[in-house]
Amino acid sequence: MTAMIHAQIRVSGQVQGVGFRPFVYKLAHELGLSGWVRNDSEGVEIAVEGEHPQVMRLIERLQSEPPALARVEKVTHDLAQTLTGLHGFSIAASQTGKVQTGIAPDMAICPDCLAELFDPTDRRYRHPFINCIHCGPRYTLTERLPYDRANTSMAKFAQCPLCQSEYDTPTTRRFHAQPNACPWCGPSLSLFDARWQPVATDDPVAVTAERIRAGQVVAIKGIGGFHLVCDARNAASVARLRSGKQREEKPFAVMVLNKFSATRYAALSVNESFLLESSERPIVLLHKSASCDAELPGIAAGLSGIGLMLPYTPLQYLLFHELLGKPDGKDWLHQSTPLALVMTSANPGGEPLVKDDAEARASLTGLADAFLTHDRDILHRCDDSVMRVTPSPARGEGWGEGAQFQFIRRARGYTPRRIVLPFSGPPILACGAWLKNTVCITRGNEAFVSQHIGDLDHAGARQMLAETVAYLCEILDVQPQAVAHDLHPDFYSTQFAQEYAAQHGLPLVPVQHHHAHIAAICAEHRVTEPVLGLALDGVGLGTDGGAWGGELLRVAGTDCQRLGHLAPLRMPGGDRAAREPWRMAAAVLFDLQRGDEIVRRFPMQTGAETVLGMLQRQLNCPATTSMGRLFDAAAGLLNVSEIQAYEGQAAMLLEGLAESHGKIAPLADGYIITDDGVLDFRPLLATLTDCNDAAYGAALFHATLVAGLSEWVRHAAEKCEINNIALGGGCFLNSVLSQALTEGLSAHNFNVLAAQQLPPNDGGISLGQASIAMQRINQGV
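On a predicted model such as this, the values are computed, not experimentally measured, just so you know.

Orientation of helix α14 (residues 513-525) relative to helix α24 (residues 765-778), taken along the N-to-C sense of each, is 85°, at an axis distance of 7 Å. Judged on the interaxial angle alone, α24 and α14 are roughly perpendicular. The segment α14 lies against α24, with H513, H515, A516, H517, A519, A520, A523 and E524 engaging I765, L767, G768, Q769, S771, I772 and R776. Grouping the constituent residues of the contact of α14 with α24 by class yields seven nonpolar, six polar and two charged.

As structure tokens, then:
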């Protein structure tokens, strides 16, 4: 006779709000086990009794067959011979306590719900808020854990008897689906005109579609905030949206119906299709098709790529359905169509994403011709994530075979997934950088990096930083024991850290910017041994008070040694030179003893004579070792960009030109490496000053950069006897640079570490700050 046993099982990870309890319920019934399952502050707790083999099979299948949205990180169990008399199997009420679990990110509508959405016989036919345990909003509507309806913005919607029955029945897809509702008991849509007067209609989606067809811009409330939407094929609409949003040249994201439609505008690999169709539904940067610019005028002018995304909410699918003439059946969902919508964040002037009607009324009036909104509150604004597939060695769990990817912006679909650190310590609050700000809070050996907050020169972003810190502390049940920040005293994130630490009586831990870039890479790869870090970005305050940005570092935990840097360039006008590449080009000309060419080469710049005088007298011309400014200098010398309309534009244009030209050999003797570790590209810049072919010059610039950086790193690595090379900083968003450098170093058998779970730019700085601060406190420093 098979022995009967009792098992107490605990499952941790992303296991709440993902259908884990119904999954356990079904497994237990299938295996003939008695007991119960419940959510608590640590994750999911299970008590079962039954035959020993069946109990062990349950434990095994908890790890091998979890629900699609679950991320099981650990399953522990205690077995006992003494039975407690459990009968049947039930789902017990959630328990509260010290939170040790997390909330799932927001996910795209699942195939089952999508089928119901367009099934005329289903009671949720065309319901804009359809969802189940496998899809829909999570993070953006949750106030606190445990993840129960009473703790979400759905608490105010009492379920009708049919919905309540589904919610209470463990065998349904909507068992304890917290946003569960239907047209009779759930949220509803409302349409307003440009003056916020209600538009009388029984079908707000149909009227919205009519307005978009007519060339209007409509603000549409989604999961994490509002989008501004117009027909991407209508040049006049796109131009008007650009004018209203004060976004003259920065590319717009475009939503298409499916991957077949995406191929009209971009080349699509298997892995890119996989990423586009993933439940996270990020914006994916893709290489344009030959006809893209002609078909989508003004969307991403001058760039080699375009950001495409697929619908992820029921409302977005309904809008496509209307715009396509309400086709019957479901086959249309998988057919190619030229329909393309600009789907850009409603954040005028760089402010945070607008998330409610009051903010929309204040910020978007005059910009949008209509407002399609709803009454399900967004508690936490969360922008769309932006990603690309890369050939760099950065493979992620759950991705397609051989898939490699890189974050440009990490937010909806991925926040607030935890990053497991290689060590544990007291809770840390890290406040991030000035640009592309995120914050990070640690709990034990877990790091939780917030959604993208944005640039902190806006009051709204500063308020969002404070709100995000408060929310993460609340939902994680954490009280920080130290506060980490950037060295720069003028960063608002530094000032916030100082105020927060003073209010709570906490120690401050300043962290150098580029040290944090490399530490973030080490943290996510769980590397604790010394690495050679190549940190390339726009600017970060150095330990000597200088403007760094092209740094070769030896990093071993809290220790950071500067082994070398790029040869300094002058920045005439200081920070203004970062916005005006012609100034960096002028500085190079002056340095090459060709200052008399400055006024002639830049006739459209009225300040050219003044800049020449500044260089001659060395007035307001601080030096920088920044790789970002080196890109700007090259763009100015090649007449690619004199004034940038947005951050990084000059470098992106150079990257596009280099891709269009194709690979070439580096310039012979195009750089110098000095005995004291300085990498000098002045020979390359001297050649570019006389180059009349911008595409060739851009390709030569990239090829020579890669050659110089590779040799520089190899020499330092061999001298230090280090094999791990970490690549950090915003310049590694340049795919030409990052791909060629990674391939070159890997060919010499170096282990190249690149950002994978976070962006390589300042969006990942907070993780590095937190990692260093935790280690310093653990060491008693």
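As a further point, take the sheet that holds strand β4 (residues 71-80). The sheet built from five strands is open, its strands ordered β4-β1-β3-β2-β5 with mixed pairing. The two strands at the open ends of the sheet, each matched to only one other strand, are β4 and β5 (89-91). Taking each pair of neighbouring strands and ignoring which way they run, the sheet shows an average axis angle of 15°. In terms of strand pairing, strand β1 (residues 4-14) meets β4 through nine bridges, oriented antiparallel. The partner of H6 across the bridge, within β4, is A80. Of the strands in this sheet, β1, β2 (34-40), β3 (43-51), β4 and β5 touch helix α1 (residues 20-31), which is tilted by about 175° from β5.

Overall, mixed pairing links the ten strands, which are arranged β6-β13-β7-β8-β12-β9-β11-β10-β14-β15 in an open sheet. Edge strands, defined here as strands with exactly one partner in the open sheet, are β6 (189-193) and β15 (405-409). Across this sheet, the average inter-strand angle for adjacent strands is 35°, counted without regard to direction. As paired strands, strand β9 (residues 254-256) and strand β12 (residues 340-345) are joined by three bridges and run antiparallel to one another. Bridge pairing in β12 places V254 opposite V342. Contacts from helix α10 (residues 314-323) reach β6, β7 (218-221), β8 (226-231), β9, β12 and β13 (370-374) within the one sheet, and its direction differs from that of β12 by about 150°.

For strand β28 (residues 724-728), a buried count of five out of five residues is recorded, marking the element as mostly surrounded by other parts of the structure. Note: strand β21 (residues 531-541) against β28, four bridges, orientation parallel. Bridged to L534 within β28 is L727. When β28 meets strand β29 (residues 751-754), the two strands line up parallel, connected through four bridges. Counterpart to I725 in the pairing with β29 is V752.

Conventions adopted
- Residues numbered from 1 in each chain as written.
- Predicted model: local features only at pLDDT ≥ 70, side-chain atom pairs only at ≥ 80, totals over all residues.
- Heavy atoms only, no water.
- Axes fitted to C-alpha atoms, helices over the stretch in contact; angles between N-to-C directions.
- Helix = DSSP H or I, 4+ residues; strand = E, 2+ residues; numbered from the N terminus.
- Parallel < 35°, antiparallel > 145°, perpendicular 65-115°, else oblique.
- Contact = heavy atoms within 4.5 Å.
- Nonpolar A, V, L, I, M, F, W, Y, C, P; charged D, E, K, R; others polar.
- Pairing = 2+ DSSP bridges.
- Buried < 20%, exposed > 50% of the residue type's maximum accessible area, 1.4 Å probe, protein only.

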